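Understanding the architecture of this molecule
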Amino acid sequence: MLTALMMTVALQAETRPSLDWMAGYWLVCEPGREVSEVWTDPRLGLLVGMTVTIRDGRVGFEQSRIAPTGPAADAPLAYFAQPDGAPVTVFPVVASGPDRVVFEQPADDDFPKRIIYERDGDALNARIEGEIGGETRTVEWRFRKAELNARCPR
């Protein structure tokens, strides 16, 4: 029980975690879906990301960044998402730990409410969570580390 409590405290404590474990080119190859995501290495708390999704003959993209929420050197980090050129949505860090970070919109009812990244060896797991029409929804990706601009076999 004490271990679970300690893990909970550790996951909630750091709002400016080191996210160097996210850097790289990541790829998901599933029947009917290819997703590539790239993250730069952190520089003064800034990571820049780009995701391209090909599904059912359609392509989509998301520009994103993880950056400090203000000019102070110790300002908390947040995930700034901009899917398909839409206005930016901000998800502050709400929990973190070694190889794991959780971002969450504080009061917005849009989907997703929460974004979670977790490193597992050569895999980067990503998940978005929230509600649509009163139902809990989750979308997950299990990215594998790949060479820059690698594509799925056809």
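Residues numbered from 1 in each chain as written. Predicted model: local features only at pLDDT ≥ 70, side-chain atom pairs only at ≥ 80, totals over all residues. Heavy atoms only, no water.

**Structural notes on the state of the cysteines**
Summed over the entire model, instances satisfying the criterion amount to one disulfide. A sulfur-sulfur separation of 2.0 Å characterises the disulfide bridge that pairs Cys29 with Cys152. Handedness here is read from the sign of the S-S torsion; for Cys29 and Cys152, about -95 degrees, the answer is left-handed. Residue Cys29 is found in strand β1 (residues 24–30), and its partner Cys152 is found in the segment after β10 (135–145); the two are separated by 123 residues along the sequence. Cys152 gets classed as buried once you look at its relative accessible area, which sits at 9%. (Disulfide = S-S within 2.5 Å. Helix = DSSP H or I, 4+ residues; strand = E, 2+ residues; numbered from the N terminus. Buried < 20%, exposed > 50% of the residue type's maximum accessible area, 1.4 Å probe, protein only.)

**Here we look at a negative patch on the surface**
There is a patch of like negative charges on the surface, built from Asp108, Asp109, Asp110 and Glu131. In this structure, Asp110 sits in the loop between β7 (100–104) and β8 (114–120). Look at Asp110 and you get partly exposed, because its relative accessible area is 47%. (Patch = residues over 30% accessible without salt bridge, like charges linked within 9 Å, V, L, I, M, F, W, Y side chains within 5 Å. Areas by Shrake-Rupley, 256 points an atom, 1.4 Å probe, with all protein chains shown as cover. Salt bridge = Lys/Arg side-chain N within 4 Å of Asp/Glu carboxyl O. Lys, Arg positive; Asp, Glu negative; His and termini not counted. Charge placed at Lys NZ, Arg CZ, Asp CG, Glu CD.)

**Concerning the side chain of Gln105**
Following the sequence through the fold, Gln105 ends up in the loop between β7 and β8. At 2.3 Å, the side chain of Gln105 and the backbone oxygen of Pro112 are in polar contact. (Polar contact = N/O pair within 3.5 Å; in protein donor to acceptor, adjacent residues only side chain to side chain.)

**Quick look at the pairing of β7**
Consecutive side chains of a regular strand alternate in pointing toward one face of the sheet and then the other. Alignment of strand β6 (residues 89–97) against β7, held across four bridges, turns out to be antiparallel. Its bridge partner being in β7, Val93 is matched across the sheet by Phe103. Taken together, β6 and the strand that follows it, β7, pair antiparallel across an intervening segment of two residues, in which Asp99 is found at a positive phi of about 65 degrees. Pairing geometry for β7 and β8, over five bridges, is antiparallel. (Pairing = 2+ DSSP bridges.)

**Considerations on the sheet that holds strand β3 (residues 47–55)**
Spatially, the ten strands close up into a barrel ordered β1-β2-β3-β4-β5-β6-β7-β8-β9-β10, and their pairing is antiparallel. The mean angle between the axes of side-by-side strands here comes to 25 degrees, regardless of whether they run parallel or antiparallel. (Axes fitted to C-alpha atoms, helices over the stretch in contact; angles between N-to-C directions.)

**Regarding the layout of surface pockets**
Each pocket or cavity is described by its volume, and for the largest pocket that value is around 790 Å³. The element best represented in the lining of the largest pocket is strand β4 (residues 58–68), accounting for five residues. (1 Å grid on protein atoms, 1.4 Å probe; cavity = no way out; pocket = protein on both sides within 12 Å on 5 of 7 lines; lining within 4 Å. Points joined across faces, edges and corners; volume = space filled by probe spheres on them.)

Just distances and angles here, no functional claims.
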